[in-house]
Amino acid sequence: MENKDIKIAVIGAGSVGSTIAYTLVMKNLAAEVILVDINEAKEEGEVMDINDALSFVETGKIRGGSYQDAATADVIVITAGLPQKSGDQSRLELVNKNKEILKSIFDQIKPLNPEVKIVVVSNPVDIMTYYAQEFSGLPRNQVFGTGTSLDTSRLRTEIALALDINVQSVDGFVLGEHGESEFVAWSTVSVGGVLIKDKLGSDKLDEIAKKVRDDAKSIIDAVTTDIIESVLLDQNKVLPISSRIEDWNGVSGVCLGVPAVVGKEGVKSIWSLELNDEEKEKLKLSAEKIRGYL
Ligand SMILES: NC(=O)c1ccc[n+]([C@@H]2O[C@H](COP(=O)([O-])OP(=O)(O)OC[C@H]3O[C@@H](n4cnc5c(N)ncnc54)[C@H](O)[C@@H]3O)[C@@H](O)[C@H]2O)c1
């Protein structure tokens with residue numbers, strides 16, 4: 001499929017949705033990007049701003065659209081919802097509110113293109129991905145979330161800085177919930193075939209893991225575009241997206257950040273990877289935490 005045939009819908013024109021739309025248009029990945037928001041003035045303003053920024057470069061097109069437009073898209077990115085606050089009570093309220101928003105979106109995007117790939121960004125992303133699968137009724141390979149992609153990209157940057165190495169030479173993953181119970185799977189983190197846990201002291205590893213979890217800097221637009229590019233260009237990248245797993249390192253039935261092969265069918269497979277016992281325990285705790293909200 002050439003990009004002239006591709007339509008991407010971004011639902012939610014807030015700060016996350018509009019920067020994702022802008023990055024997608026700049027990368028010319030689709031013939032058309034449509035931005036849909038319940039707040040029409042906001043949607044219109046963001047589309048105008050992006051169009052202004054595009055006047056002098058060769059890119060795809062962007063326009064505002066309706067849920068009916070979104071129904072025929074090849075990729076739908078969900079960014080609608082309230083941003084996450086800290087504290088447990090507010091998290092439960094956030095889950096319920098964003099779940100309601102998600103339900104109302106899928107009630108309106110009908111009939112859905114049966115081949116569409118849904119990329120969920122709204123938080124809590126693992127729980128929203130689970131419900132997006134339920135509400136859309138699509139096969140699970142077609143519905144996934146950004147998962148721990150953002151955290152993994154921060155991890156790679158921190159290691160590159162610590163070792164003065166190009167970031168593209170750093171491999172490895174942050175896994176589990178995108179949130180407090182996420183963990184760096186140090187058994188997977190390497191540079192040039194050398195495990196980082198054998199190279200840096202445990203204090204440094206803890207410092208990096210903490211930075212990765214707490215750092216507020218967000219490059220969610222770059223991360224989401226990378227996932228979509230892997231789908232549209234059938235790149236088969238192994239990315240730590242949120243996907244519903246069955247018996248992966250002993251965990252089943254929830255969506256959380258796991259390394260998956262991402263290509264034209266969406267999630268082609270979950271990469272089979274044996275975590276060590278400590279990491280399996282952390283994955284289990286993360287899954288239990290997520291299950292508690294479902
Ligand atoms: N997964 C990640 O790694 C990651 C990173 C950053 C942000 N996020 C999440 O992305 C989401 C969006 O964040 P933001 O900063 O853009 O928030 P925001 O408040 O700026 O934007 C949310 C937008 O959603 C719109 N909206 C609400 N209900 C809607 C509906 N039914 N249909 C269409 N649009 C609707 C609102 O009008 C608003 O414009 C949040 O849930 C945030 O936590 C996720």
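In this numbering scheme, every chain counts its residues from 1 along its sequence in written order. Only residues with pLDDT of at least 70 are given local features in this predicted model, and only at 80 or more are side-chain atom pairs given and counted; all residues enter the totals for whole chains, interfaces and linings. With hydrogens and water stripped out, all remaining heavy atoms of the structure feed into the side-chain values.

(A) Focus on the packing of aromatic side chains. Ring geometry is summarised as follows: Phe, Tyr and Trp rings, the Trp one being its six-membered ring, pair when their centres sit within 6.5 Å, and such pairs are stacked at plane angles under 30 degrees, edge-to-face over 60 and tilted between the two. As enumerated under the stated definition, the model contains two aromatic pairs in all. Ring geometry for tyrosine 130 and tyrosine 131: centres 5.5 Å apart, planes at 90°, overall edge-to-face. For the pair tyrosine 130 and tyrosine 131, one class covers both residues: buried. Ring plane angle 15° and centroid distance 5.8 Å describe the contact between tyrosine 131 and phenylalanine 135, whose orientation is recorded as stacked. Of the two residues, tyrosine 131 and phenylalanine 135 both sit in helix 5 (residues 125–136), four residues apart, roughly one turn of that helix. Each member of the aromatic cluster is reached from another via a ring pair, and the members are Tyr130, Tyr131 and Phe135. Exposure is judged per residue with a 1.4 Å probe applied to protein chains only, and the accessible area is read against the type maximum: over 50% gives exposed, under 20% gives buried, and values in between give partly exposed. By definition, any uninterrupted DSSP run of H or I lasting at least four residues is a helix, any uninterrupted run of E lasting at least two residues is a strand, and each is numbered from the N terminus.

(B) Structural context of the site of the ligand. The nearness test applies per residue and asks whether one of its heavy atoms lies within 4 Å of the molecule or strand. Among the 27 residues in the neighbourhood of the ligand, the closest are listed as Val16, Asp37, Tyr67, Asn123 and Thr146. The definition of a polar contact used here is a pair of N or O atoms within 3.5 Å, where within protein one atom must be able to donate a hydrogen and the other to accept one, and adjacent residues in sequence count solely through side-chain atom pairs. Measuring from an oxygen atom of the ligand, one finds a side-chain N or O atom of asparagine 123 at 2.9 Å. Using a 1.4 Å probe, accessible areas were evaluated by the Shrake-Rupley method; residue-level cover was limited to the displayed protein chains. Here the ligand loses 83% of its free accessible area of 870 Å² to cover by the protein chains. Of all the secondary structure elements, the ones that give two or more residues to the shell around the ligand are helix 1 (15–26) and helix 4 (88–108). If one sorts the elements of the shell around the ligand by residue count, helix 4 sits on top with three residues. Tallied by class, residues from the shell around the ligand come to 14 nonpolar, twelve polar and one charged. Any residue that is not Ala, Val, Leu, Ile, Met, Phe, Trp, Tyr, Cys, Pro, Asp, Glu, Lys or Arg is counted as polar, Gly included; the first ten are nonpolar and the last four charged.

(C) Up close: helix 6 (residues 149–163). In this model helix 6 runs 21 Å from its N-terminal to its C-terminal C-alpha over 15 residues, within 8% of the 21 Å that 1.5 Å per residue would give. Of the residues making up helix 6, those classed as buried are Ser149, Leu150, Asp151, Thr152, Ser153, Arg154, Leu155, Glu158, Ile159 and Ala160. Phi turns positive, to about 55°, at aspartate 164, one or two residues after helix 6. How far a helix is expected to stretch is found by multiplying one less than its residue total by 1.5 Å.

(D) Geometry of the nonpolar core. The set of buried Ala, Val, Leu, Ile, Met, Phe, Trp, Tyr and Cys residues whose side-chain atoms join them within 4.5 Å is what this entry labels a nonpolar core. Within the largest apolar cluster, 44 residues are counted, with the highest numbers of intra-cluster contacts made by Ile11, Ile76, Ile78, Ile109, Ile118 and Leu256. Top contributing element to this core by residue count: helix 5, with six residues. The contact criterion used is simple: two residues touch if any of their non-hydrogen atoms lie within 4.5 Å. For isoleucine 118, the residues in contact, after removing those within four places along its chain, are Ile76, Ile78, Phe106, Leu138, Gln142, Val143 and Phe144. In this structure, Val10, Phe144, Val231 and Val262 belong to the second largest nonpolar core, which totals 33 residues.

(E) Region of interest: the pattern of salt bridges. Every case where a carboxyl oxygen of Asp or Glu lies within 4 Å of a side-chain nitrogen of Lys or Arg is listed as a salt bridge. Evaluation of the coordinates by the stated rule reveals 18 salt bridges. Linking arginine 63 and aspartate 69 is a salt bridge whose minimum nitrogen-to-oxygen distance equals 3.2 Å. Owing to a relative accessible area of 28%, arginine 63 belongs among the partly exposed residues under this scheme. Where aspartate 214 meets lysine 210, a salt bridge forms, and the shortest distance between an N and an O atom there is 2.9 Å. One end of the pair is aspartate 214 and the other is lysine 210, both in helix 7 (residues 202–214) and four residues apart, which spans about a single turn.

(F) How the structure looks around the sheet that holds strand 7 (residues 170–171). For two strands to pair, DSSP has to find at least two bridges joining them. Pairing is antiparallel in the open sheet, where three strands are placed in the order 7-10-11. Only two strands of the sheet have a single partner each, and these edge strands are strand 7 and strand 11 (194–195). The pairing of strand 7 with strand 10 (residues 190–191) spans two bridges and is classified as antiparallel. Within strand 10, the position partnered with aspartate 171 by the bridge is serine 190.

(G) Highlighting the environment of valine 77. With respect to the helices and strands, valine 77 occurs in strand 4 (residues 75–78). Judged by relative accessible area, which is 0%, valine 77 ranks as buried. Linking valine 77 and alanine 13, residues 64 residues apart in sequence, is a C-alpha distance of 11 Å. Residue contacts for valine 77: discarding those within four places in its chain leaves Ile8, Ala9, Val10, Ile11, Ile20, Val119, Val121, Thr224 and Ile228.

All quantities given are derived from atomic positions and should not be read as evidence of function.
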